[in-house]
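# Understanding the architecture of this molecule
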Amino acid sequence: MSWTTATIARLFGLGLVGGIVQLTTVSQVAIFGVPADLSPLLVGAIGLLCGSIAGAGFGFGMGLFMDTLLAQTLGLTSLVLLAVGYAAGRLRELRDPAHGLVPVAVGAAATAAAAIGFSVLQFLLGVDAPVSLLLVRQILMTIVLNTLLALPVYLACRRVLAAFLPDDPRRRRRRAYTTGGLSPLSRA
Amino acid sequence: MALRKVLSCPAAVSAAAGGSLLLAAAVFSLELFIGMYDRQVRRRRAVLFALVACCLVLLTAYFGESSGGPLKSVQTGAMEVVAPVQEGANRALKPFRDLFGWFGDTLDAKDERDELEAERDELRQQVARLQLAENENAELRDLVDYGRGSGIDAYQPVTARVYSRSNSSWYSTMEINKGSSDGLSVNQPVINGKGLVGKVKTVSDGNAVVMLLSDSEFGVSALAAEANQPGSIQPVAGSPGDLLLDLVPQAKQVRTGDRVVTAGTVSQRLPSPFPQGLLIGTVKRIEGEGELDRTIHVTPAADMRRLDFVQVLTRPAADLRASTTTPPPP
């Protein structure tokens with residue numbers, strides 16, 4: 001992936017729009033009794049598309065943005081989302097999974113890691129709340145809901161960043177198969 | 001440039017010195033790859049370390065500073081800057097939120113409706129039970145008051161619960177849960193809190209059948225209390241809420257609204273099973289103009305359709321003087 005000003009601007013815009021949509025709309029719509037959380041999905045998708053450094057950086061920025069707008073403890077969400085983005089990026093760098101449902105699994109894992117990690121950090125920071133079944137249920141329902149949203153979010157991120165991503169080998173192969181390898185785009 | 005790099009690589013130089021150029025090129029490529037890989041790893045780790053360090057510094061600083069500290073001020077400032085954007089987005093995205101909210105509300109409304117329906121059914125049952133208990137309570141209270149006010153206690157009343165009714169055009173009976181073992185016997189008068197209900201028709205060990213006032217075979221000597229005119233109460237077949245006061249010597253003296261009570265024993269040879277003064281009902285209307293064709297309709301004081309508890313007077317002839325007082329009107 002080429003790191004240009006345009007790439008960074010797109011990532012910045014993606015994080016800004018995602019964060020505002022999350023705060024103004026998604027967090028106010030409860031499905032199954034809980035709202036969805038787009039932040040780990042976005043961070044996971046960016047990590048999967050752009051790699052570990054971009055994932056970690058995007059996670060850090062997204063977390064900082066959310067902490068700022070929600071007047072939360074600065075650095076807390078950043079730390080969690082940074083780990084999520086880095087892990088998603090490393091998965092891409094080490095394994096390069098090709099299955100179409102990988103974004104769904106990554107989204108579910110990212111949501112689980114973010115939710116559990118955030119809860120653990122809150123407890124470590126001294127929140128005196130008992131671990132109730134309600135909390136566990138809420139985390140599980142958020143994971144289920146985010147799993148359903150993971151693929152659309154991933155596809156949207158890929159569409160936004162398509163111009164800056166390296167050509168996907170699978171797409172190249174598919175195009176070569178359907179056009180006989182004579183795609184003008186490849187030549188260009 | 002490339003040659004300088006090759007020469008700076010000692011393994012490649014030694015390989016070249018050995019005469020194997022191909023091997024030298026391979027070794028150089030490997031060294032280059034390892035160098036690039038190391039650089040990538042170092043860069044990745046440095047970025048990760050820097051970001052984690054930033055987070056920890058932010059966390060520590062945020063916890064350490066007071067409410068008016070620089071970080072919190074920056075946070076407040078950023079919130080103020082983004083607030084208009086958030087507000088605009090909030091308005092722009094409201095239709096989507098409402099749409100999803102409508103789906104959610106619809107699903108919730110269905111669940112809520114089911115819960116409320118279940119609650120409503122339960123409350124209905126509860127209300128029905130409470131109404132039943134209230135009716136029973138009122139009936140029992142009437143019985144107690146009636147017994148105290150009219151001297152009925154002298155007749156040793158036995159309170160019984162009605163558990164079965166048979167109400168046809170010709171036969172009006174009911175079964176009660178007290179029998180001969182409780183001191184009941186045939187022809188004993190049966191009353192409730194309002195007045196006379198009937199008499200015991202048959203009796204067994206644990207229960208008894210009561211013939212109601214409205215039964216076609218029922219008859220009782222009566223007295224129009226205000227006019228002091230004796231007569232006989234007869235049921236009207238097919239009309240359980242209507243009785244006839246018949247065989248009245250001076251029927252003209254009887255007025256609508258007069259109370260009709262049991263006449264009690266008037267003959268030593270044929271003693272009446274009913275003590276004197278038990279309220280039977282009130283004169284509802286009088287038909288006919290002449291003395292002989294006058295028909296006096298009496299409405300029973302006791303509602304025959306709503307009988308849950310009754311009292312059987314097991315010693316109706318115990319003290320005739322006790323029954324001289326008529327009960328107060330309901």
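Since this is a predicted model, take the numbers as computed values, not measurements. (Residues numbered from 1 in each chain as written. Chains lettered and ligands numbered in written order. Predicted model: local features only at pLDDT ≥ 70, side-chain atom pairs only at ≥ 80, totals over all residues.)

Helix and strand counts for chain A come out as eight helices and two strands. The secondary structure elements of chain A, listed N-terminal to C-terminal, are α-β-β-α-α-α-α-α-α-α. In chain A, which comprises 188 residues, the proportion classed as buried is 40%. Taking all contacts inside chain A whose residues are at least 6 apart in sequence as the whole, residues at least 24 apart take part in 75%. (Helix = DSSP H or I, 4+ residues; strand = E, 2+ residues; numbered from the N terminus. Buried ≥ 20, exposed ≤ 12 C-beta atoms within 10 Å, placed from the backbone. Contact = placed C-beta atoms within 7 Å.)

Moving on, we come to the nonpolar core. Counting 47 residues, the largest nonpolar core has A:Leu42, A:Ala45, A:Ile46, A:Leu82 and A:Val84 as its most contacted members. Breaking this core down by element, the ones donating at least two residues are α2 (38–50), α3 (52–69), α4 (76–94), α5 (102–124) and α6 (133–161) of chain A together with α3 (21–64) of chain B. By size, the runner-up hydrophobic cluster in this structure holds 45 residues, among which are B:Leu243, B:Leu279, B:Ile280 and B:Val283. (Core = buried A, V, L, I, M, F, W, Y, C linked by C-beta atoms within 7 Å.)

This next bit is on the packing of α2(A) against α3(A). Residue and element names in this part refer to chain A. α3 packs onto α2 with a crossing angle of 160° between their chain directions and a minimal axis gap of 7 Å. If you check the angle between α2 and α3, you find them roughly antiparallel. Seen from above, α2 lies across α3 with right-handed handedness. Residue-level contacts link Ser 39, Leu 42, Val 43, Ile 46, Gly 47 and Cys 50 of α2 to Ser 52, Ala 54, Gly 55, Phe 58, Gly 59, Met 62 and Met 66 of α3. Residues belonging to the contact of α2 with α3 are distributed by class as follows: eight nonpolar, five polar and no charged. (Axes fitted to C-alpha atoms, helices over the stretch in contact; angles between N-to-C directions. Parallel < 35°, antiparallel > 145°, perpendicular 65-115°, else oblique. Left-handed = near helix turned anticlockwise from the far one by under 90°. Nonpolar A, V, L, I, M, F, W, Y, C, P; charged D, E, K, R; others polar.)

All right, on to the pairing of strand β4 (residues 196–203) of chain B then. Regular strands place their side chains on alternate faces of the sheet. All names here are of chain B. The element β4 is largely enclosed, with a buried count of seven among its eight residues. In terms of strand pairing, strand β3 (residues 189–191) meets β4 through three bridges, oriented antiparallel. Bridge assignment links Val 190 to a residue of β4, and that residue is Gly 198. Counting the residues between successive antiparallel strands, the hairpin from β3 to β4 contains four residues. Relative to strand β5 (residues 208–212), β4 runs antiparallel, the two sharing five bridges. (Pairing = 2+ DSSP bridges.)

Turning our attention to the interface of chain B and chain A. Listed as interface residues are 25 residues of chain B and, on the opposing side, 25 residues of chain A. Only α3, α4 (70–92) and α5 (94–150) of chain B provide two or more residues apiece to the side of chain B that touches chain A. With 10 residues, the single largest contributor to the side of chain B that touches chain A is α3(B). Per-class residue counts for the side of chain B that touches chain A are 18 nonpolar, five polar and two charged.

Turning our attention to the pairing of strand β9 (residues 259–262) of chain B. Residues and elements named next belong to chain B. As paired elements, strand β6 (residues 220–224) and β9 share three bridges and run antiparallel to each other. Bridging from a neighbouring strand, Leu 223 pairs with Val 261 of β9. Alignment of β9 against strand β10 (residues 279–287), held across three bridges, turns out to be antiparallel. By the bridge assignment for β10, Arg 259 is matched with Thr 282.

What follows deals with the environment of B:Pro189. Along the chain, B:Pro189 falls in strand β3. Taking the C-alpha atoms as reference points, B:Pro189 and B:Pro273, 84 residues apart in sequence, are found 6.7 Å from one another.

The next subject is the confidence of the model for chain B. All names here are of chain B. Put simply, chain B has an average pLDDT of 79, and 79% of its residues get 70 or more. The secondary structure element of chain B with the lowest average pLDDT is helix α1 (residues 2–8), at 48, and the one with the highest is β3, at 92. Between residues 320–328, whose pLDDT stays under 50, and residues either more than four places distant or in other chains, the model counts 27 contacts. In the predicted complex, the global pTM is 0.52; the interface-specific ipTM is 0.80. (pLDDT = per-residue confidence, 0-100.)

All names here are of chain A. Taking 1.5 Å of rise per residue, the 13 residues of α2 would be expected to cover 18 Å, and the 18 Å separating its terminal C-alpha atoms lies within 8% of that figure. Among the 13 residues that make up α2, 13 are buried, leaving the element largely enclosed by the rest of the structure. The first or second residue beyond α2 is Gly 51, which carries a positive phi of 105°. (Expected span 1.5 Å × (residues − 1).)

Turning our eyes to something else, we now look at the confidence of the model for chain A. Of all residues in chain A, 85% attain a pLDDT of 70 or more, and the chain-wide mean is 84. The least confident element of chain A, judged by mean pLDDT, is helix α8 (residues 184–187) of chain A at 51; the most confident is α2(A) at 93.

Looking at where A:Pro40 falls in the secondary structure, it is placed in helix α2. Separated by 68 residues in sequence, A:Pro40 and A:Ala108 have C-alpha atoms that sit 9.0 Å apart.

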